[in-house]
Amino acid sequence: MKIVVVGGTGLIGSKLVAKLNEHGHQAVAAAPSTGVNTLTGEGLAEVLEGAQVVVDVSNSPSFEATAVMEFFTTSTGNLLAAEAAAGVGHHVAVSVVGTERLPENGYFRAKIAQEQLIEKSSIPFSLVHATQFFEFVRHIADEATDGDKVRVAPVRFQPMAGDEVAQEVGKVAVGLPINGRIEIAGPERFQMDEFFRDVLAEWGDPREVVTDPHARYFGSELEERTLVPEEGATLGRIRYRDWPGRTAQAQGR
């Protein structure tokens, strides 16, 4: 089938396009660099012609509250309208585990708005809520850095490999719409502060990880289970210690 992957040149999108093509589907990457702009609508009608499924893994270039809300509501609105006109039968969107638990966070609030637009549309849909990706571990540590200290809350943390995110999203894309959501996560559950203390020590990073119950995660305080899935989530198999990208990440690449 023809599957259009919006954000198909990014981390997850590029992996997803490759996996779908390997399985005999016609996966097409839609992004500004390929002539498709969901904010302006440029190229949408053309790329969606003949498509059965659209997978949206795009992300806002800015996480500022107003900008991220504008991105997700405008791009999703344009995309859904174009899909309806093209006769697309399944809309898949990737979101974040715990989105509904952090409505005070500008990014999560925008993701909630995006999901509401999808749920209210006429197009059958599937929402995939994923935990944090292994590939973003260094970025999370950098965001939590205060001088020579990394302030991390003692909450649950269950990251997963980007390859497995793409794999599970691909399975959803080629299946029937669920008109609801599923959660996906890594196979191991950590305490977040202990995870980062161990990882920074492995990197030889001189920053000190400080356990702080009030530490902010991209601007918001976390409850113990904010970032982890409920029972019944689909779990990956790749452990962080076995992840092929771990060495490069330790070297800052």
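Above this text is the structure in question.
Residues numbered from 1 in each chain as written. Predicted model: local features only at pLDDT ≥ 70, side-chain atom pairs only at ≥ 80, totals over all residues. Heavy atoms only, no water.

## Brief notes about the nonpolar core
- Of all hydrophobic cores here, the largest spans 32 residues; its most connected members are Met192, Phe196 and Tyr240.
- Residue assignment for this core shows that the elements contributing at least two residues are α3 (65–86), α4 (106–120), α5 (137–143), β7 (149–152) and α7 (192–203).
- Of all the elements, α7 adds the most residues to this core, at six residues.
- Residues contacting Tyr240, with those up to four places away along its chain left out, are Phe134, Val137, Glu188, Phe195, Val199, Trp203, Arg246 and Gln249. (Core = buried A, V, L, I, M, F, W, Y, C linked by side-chain atoms within 4.5 Å. Buried < 20%, exposed > 50% of the residue type's maximum accessible area, 1.4 Å probe, protein only. Helix = DSSP H or I, 4+ residues; strand = E, 2+ residues; numbered from the N terminus. Contact = heavy atoms within 4.5 Å.)

## So, the layout of surface pockets
- Estimated volume of the largest pocket: approximately 750 Å³.
- For the lining of the largest pocket, the leading source of residues is α4, giving four residues.
- Across the lining of the largest pocket, the residue classes break down as 16 nonpolar, twelve polar and two charged.
- By volume, the second largest pocket amounts to about 190 Å³.
- In this structure, the second largest pocket is lined by 14 residues; those nearest its centre are Pro32, Thr38, Ser58, Asn59 and Phe71.
- Partitioned by chemical class, the residues of the lining of the second largest pocket number eight nonpolar, six polar and no charged. (1 Å grid on protein atoms, 1.4 Å probe; cavity = no way out; pocket = protein on both sides within 12 Å on 5 of 7 lines; lining within 4 Å. Points joined across faces, edges and corners; volume = space filled by probe spheres on them. Nonpolar A, V, L, I, M, F, W, Y, C, P; charged D, E, K, R; others polar.)

## Considering empty space enclosed by the protein
- On inspection of all chains with the given rule, the structure shows one cavity of 30 Å³ or more.
- Surrounding the largest cavity, Ile140, Glu143, Ala144, Arg151, Val152, Ala153, Met192, Ala215, Arg216, Tyr217, Phe218 and Leu222 form its lining.
- Listing elements by their share of the lining of the largest cavity, those giving two or more residues are α5, β7 and β12 (216–217).
- Along the lines of polarity and charge, the residues of the lining of the largest cavity split into nine nonpolar, no polar and three charged.

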